Amino acid sequence: MAGARSTKSDTPEEQPNAAVVRTQEYAAGEGWDIGQTAPQDAFRALGGEGMSTPVGPVVNKHPGGFARQIVSKGGLVTAGVKRELDAAEAEQSDGDKAEG
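Residues numbered from 1 in each chain as written. Predicted model: local features only at pLDDT ≥ 70, side-chain atom pairs only at ≥ 80, totals over all residues. Heavy atoms only, no water.

Participant: Explanation requested: the sheet that holds strand S3 (residues 67–71) in the structure shown.
Facilitator: Hydrogen bonds along the backbone pair up the strands of a sheet, which may run parallel or antiparallel. With antiparallel pairing, three strands are arranged side by side in an open sheet as S2-S1-S3. Pairing within the sheet leaves two strands with one partner each, and these edge strands are strand S2 (53–59) and S3. In this sheet, adjacent strand axes meet at a mean angle of 30° when their direction is disregarded. Direction of pairing for strand S1 (residues 42–47) relative to S3: antiparallel, over a ladder of four bridges. By the bridge assignment for S3, Ala45 is matched with Ala67. (Pairing = 2+ DSSP bridges. Helix = DSSP H or I, 4+ residues; strand = E, 2+ residues; numbered from the N terminus. Axes fitted to C-alpha atoms, helices over the stretch in contact; angles between N-to-C directions.)

Right, here's the structure in full:
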């Protein structure tokens, strides 16, 4: 059959690799770990000179005055978001130790 089209490729680059199995992709779910969806808004009040220094704990509603929203509900928790949340938690636990 001259001129018949072949469905198989002769080049190995075009052949699918049977050993490669695509992994199942699952949503990371809600939580505060990197890659998860934030379950709530996260804000931190701003204070200090120029009202640019984060102060106080992370809260889930705007604290009034100057504040920075770290992540909104349903937003992706990135490495930067996690870093800010961890820093606020560390400051809060350091403050609790100093008072006690």
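Participant: Mind showing me how you'd approach helix H1 (residues 79–99) here?
Facilitator: Given 3.6 residues to a turn, an α-helix orients residues that are three or four positions apart in the same direction. The first and last C-alpha atoms of H1 sit 30 Å apart over 21 residues, in line with the 30 Å expected at 1.5 Å per residue. Among all positions of H1, only Val81, Leu85 and Ala88 are buried. Down the axis of H1, the buried set is contained in an arc of 60°. They therefore lie on one face. H1 presents Arg83, Lys97 and Ala98 as exposed residues on the side facing more than 90 degrees away from its buried surface. If you follow the buried residues of H1, they end up packed against S1, S2 and S3. (Expected span 1.5 Å × (residues − 1). Buried < 20%, exposed > 50% of the residue type's maximum accessible area, 1.4 Å probe, protein only. Arc of directions from axis to C-beta. Contact = heavy atoms within 4.5 Å.)

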